[in-house]
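Coordinate analysis (summary)
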Amino acid sequence: MVKAAILEQPGTPLQIGDVSTSKPLAHEVLIRTHACGLCHSDLHFIDGAYPHALPLVPGHEAAGVVEAVGSEVRTVKPGDHVVTCLSAFCGHCEFCVTGRMALCLGGDTRRAKSDPPRLTRGDGEQVNQLLNLSGFAEQMLIHEHACVAIDRDMPLDRAAVIGCAVTTGAGAIFNACKLVPGETVAVVGCGGVGLAAINAAKIAGAGRVIALDPIAEKRELAKVLGATHALDPTAENAIEEVIALTGGGVDHAIEAVGREASAKTAVKLLKRGGTATILGMMPLDCKVGLGAMDLLSGKKLQGAIMGMNRFPVDLPRLVDFYLRGLLDLDTIIAERIPLEKINEGFDLMRTGTSARSVVVFD
């Protein structure tokens, strides 16, 4: 039995309770969780904006140490330090074999309905996994293609945020945008994902990096992480100011909030031929598009789930960036909290004033 934060009903606080973890099947890995970041994507499920089977253990931005592996696991071994990633890949579908692993639906990485559930409680009631990870628990049981071994010198609390926020934000810059040194970038929203995109843009050699966030504290964090300019997008003439700063608009605009209005702002910031990349999880009924003049100007709009990562390669590289002093994860993490304070952490997230909170297990 291990402790976990369990969602019983949408819109209610998570309950700390005991769950039992099954033994690993052939391709599964049992991990002792050391840290798990609080992500706004978790909040979408907790608050009920996105549906999910209940009861549920949320959490998907995690790092820990491998305790046991199934008989066919070849990618990690007991004792390895690992980071998990929600974009588990099967390795043989159309998306995987064409190098778009983040688009894999990962059906083969989940247990079959005929198999016992990975998590249970009480007299055998199934407890569902969020995104097949469930990081808000002292143990995780996942498919081997949902984690990757990392350098043991990497602090696991910092490694955890690489699993989602940094992979998404940095991946958008490196993979989806394929930023060329000197190109200009605007990032709308300076939470964990947006700050990671700003930091990655600096690493990639962007020219101007413009951060847009209505909260002054987050704009200051953006400057620490590499923003050359930081503006309040709600201020009058903010868009015009960006266009003036860049001589016509930015090459790349990153939306990292998950709101229709911020996605539309990203499109408005583009120069001719520029690309807007939407990272945030917007409400399911939202739509964002390009107008006729945008299309005639060669502007492009794209989604980039999880930064279109190839995480078995990308995550160790991001760890190396941190260990070499290039990637600033210390600034992105605002606080470290025990599992028992997880609801307070999500309450802080709802205020929108803080960067990343990380649950750290003893």
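Residues numbered from 1 in each chain as written. Predicted model: local features only at pLDDT ≥ 70, side-chain atom pairs only at ≥ 80, totals over all residues. Heavy atoms only, no water.

**Comments concerning the overall build of the chain**
The following threshold applies: Every helix listed is a DSSP run of H or I at least four residues long, and every strand listed is a run of E at least two residues long, numbered separately from the N terminus. Based on C-alpha atoms, the radius of gyration is set beside the globule rule, defined as 2.2 Å times the residue count to the power 0.38. Residue exposure (1.4 Å probe, protein chains only): buried if accessible area is under 20% of the type maximum, exposed if over 50%, otherwise partly exposed. The contact definition used throughout considers only heavy atoms, calling two residues in contact when any of these lie within 4.5 Å. Per-residue and other accessible areas follow the Shrake-Rupley method at a 1.4 Å probe size, with only the shown protein chains counted as cover for residues. Under the convention used here, Asp and Glu are negative, Lys and Arg are positive, and both His and the chain ends fall outside the count. The atom standing in for a charge is NZ when the residue is Lys, CZ when it is Arg, CG when it is Asp and CD when it is Glu.
When its secondary structure is counted, the chain shows 11 helices and 19 strands. Compactness check: the chain gives a C-alpha radius of gyration of 20 Å against a globular reference of 21 Å for 362 residues, within 12% of the reference. Its C-alpha atoms give the chain principal-axis dimensions of roughly 65 × 40 × 40 Å. Across the 362 residues in the chain, those meeting the buried criterion constitute 55%. Long-range contacts, defined as pairs at least 24 residues apart, comprise 70% of the intrachain contacts of the chain with a sequence gap of at least 6. A total of about 15,100 Å² of accessible surface is found on the chain, and carbon and sulfur atoms cover 52% of it. Averaging the coordinates of the 34 positive side-chain charges in the chain and doing the same for the 41 negative ones gives two points 5 Å apart.

**Side note on the side chain of H60**
Applicable threshold: Contacts described as polar in this section are N or O atom pairs within 3.5 Å, which, within protein, must combine one atom able to donate a hydrogen with one able to accept it, while residues neighboring in sequence count only if both atoms come from side chains.
Among the secondary structure elements, H60 is positioned in the loop between β4 (56–57) and β5 (61–69). A relative accessible area of 1% places H60 in the buried class. A distance of 3.0 Å separates a polar atom in the side chain of H60 from a polar atom in the side chain of D42. Leaving out residues up to four positions away in the same chain, H60 has contacts with C36, C39, S41, D42, T84, L86, L130, L131, L133, G135 and C164.

**Let's talk about the nonpolar core**
The line we're drawing: Nonpolar core, defined: a set of buried Ala, Val, Leu, Ile, Met, Phe, Trp, Tyr and Cys residues in which side-chain atoms within 4.5 Å join the residues together.
If you look at the biggest cluster of nonpolar residues, it comprises 63 residues, and the most contacted ones within it are V166, I173, I198, I254 and L329. For this core, the secondary structure elements donating two or more residues are β5, α3 (156–176), β12 (185–188), α4 (192–203), β13 (209–212), α9 (311–323) and α10 (329–332). Looking at this core element by element, the count peaks at 12 residues for α3. Among residues more than four places away in sequence, those in contact with I173 are K178, L179, V185, A197, A200, A201, A204 and I254. If you look at the next biggest cluster of nonpolar residues, it comprises 40 residues, including L130, L133, A146 and I342.

**Looking at the pattern of salt bridges**
As a reminder of what qualifies: By salt bridge we mean one thing: a side-chain nitrogen of Lys or Arg within 4 Å of a carboxyl oxygen of Asp or Glu.
Evaluation of the coordinates by the stated rule reveals 21 salt bridges. For E94, the salt bridge is made with R100, and the minimal N-O distance between the two is 3.7 Å. Across the pair E220 and K223 runs a salt bridge whose closest N-O atoms are separated by 3.5 Å. With E220 and K223 both in helix α5 (residues 216–224) and 3 residues apart, the pair spans about one turn of that helix. Since its relative accessible area comes to 46%, E220 is described here as partly exposed.

**Structural notes on the pairing of strand β2 (residues 15–21)**
For clarity, the cut-off: Here a strand pair is declared whenever DSSP counts at least two bridges between the two strands.
Bridge count between strand β1 (residues 2–6) and β2: 5 bridges; the pairing is antiparallel. Following the sheet pairing, I6 is matched in β2 by Q15. As paired strands, β2 and strand β7 (residues 119–121) are joined by 2 bridges and run antiparallel to one another. Pairing of T21 across the sheet is with L119, part of β7.

**Topic: the environment of C177**
Note on placement: C177 falls in the loop between α3 and β12. A relative accessible area of 9% means that C177 is categorised as buried. Between the C-alpha atoms of C177 and I254, which are 77 residues apart in sequence, the distance is 9.3 Å. Apart from residues lying up to four places away in sequence, C177 is in contact with A172, H252, I254, T277 and Q302.

**Considerations on the pairing of strand β18 (residues 333–337)**
Let me state the cut-off plainly: Note on handedness: a crossover is taken as right-handed if, strands pointing away from the viewer, the path from the first strand over the helix to the second is clockwise.
Pairing of β18 with strand β19 (residues 356–360), which is carried by 4 bridges, proceeds in the parallel orientation. By the bridge assignment, E335 is partnered in β19 with S357. Handedness of the β-α-β unit built from β18, helix α11 (residues 342–351) and β19 comes out right-handed.

**Some thoughts on the layout of surface pockets**
Unoccupied space between atoms shows up once a probe the size of one water molecule is rolled over them. Basically, it comes down to this: Only protein atoms enter the 1 Å grid used here. Points where a 1.4 Å probe fits but cannot escape make up a cavity, open sets with protein on both sides within 12 Å along at least five of seven lines make up a pocket, and a residue lines them when an atom lies within 4 Å of a point. Grid points are joined across faces, edges and corners, and a volume is the space filled by probe spheres set on the points. The nonpolar class holds Ala, Val, Leu, Ile, Met, Phe, Trp, Tyr, Cys and Pro. Asp, Glu, Lys and Arg form the charged class, and all remaining residues, Gly among them, are polar.
Computed from the structure, the second largest pocket encloses a volume of approximately 360 Å³. Taken together, 15 residues make up the lining of the second largest pocket; nearest its centre are R111, Q126, N128, Q129 and N132. Its residues assigned to classes, the lining of the second largest pocket comprises 5 nonpolar, 5 polar and 5 charged.

**Some details on the environment of G194**
Locating G194 in the fold gives a position in helix α4. Between the C-alpha atom of G194 and that of R118, which follows or precedes it by 76 residues, the distance is 33 Å. Setting aside its immediate chain neighbours within four residues, G194 contacts V187, G189 and A256.

**Description of the sheet that holds β7**
The strand order across the open sheet built from 4 strands is β1-β2-β7-β8, with neighbouring strands paired in antiparallel fashion. Each edge of the open sheet is held by one strand with a lone partner, namely β1 and β8 (125–126). Inspection of the sheet shows β7 paired to β8 by 2 bridges, in the antiparallel sense. Bridging across to β8, R121 finds its partner in E125.

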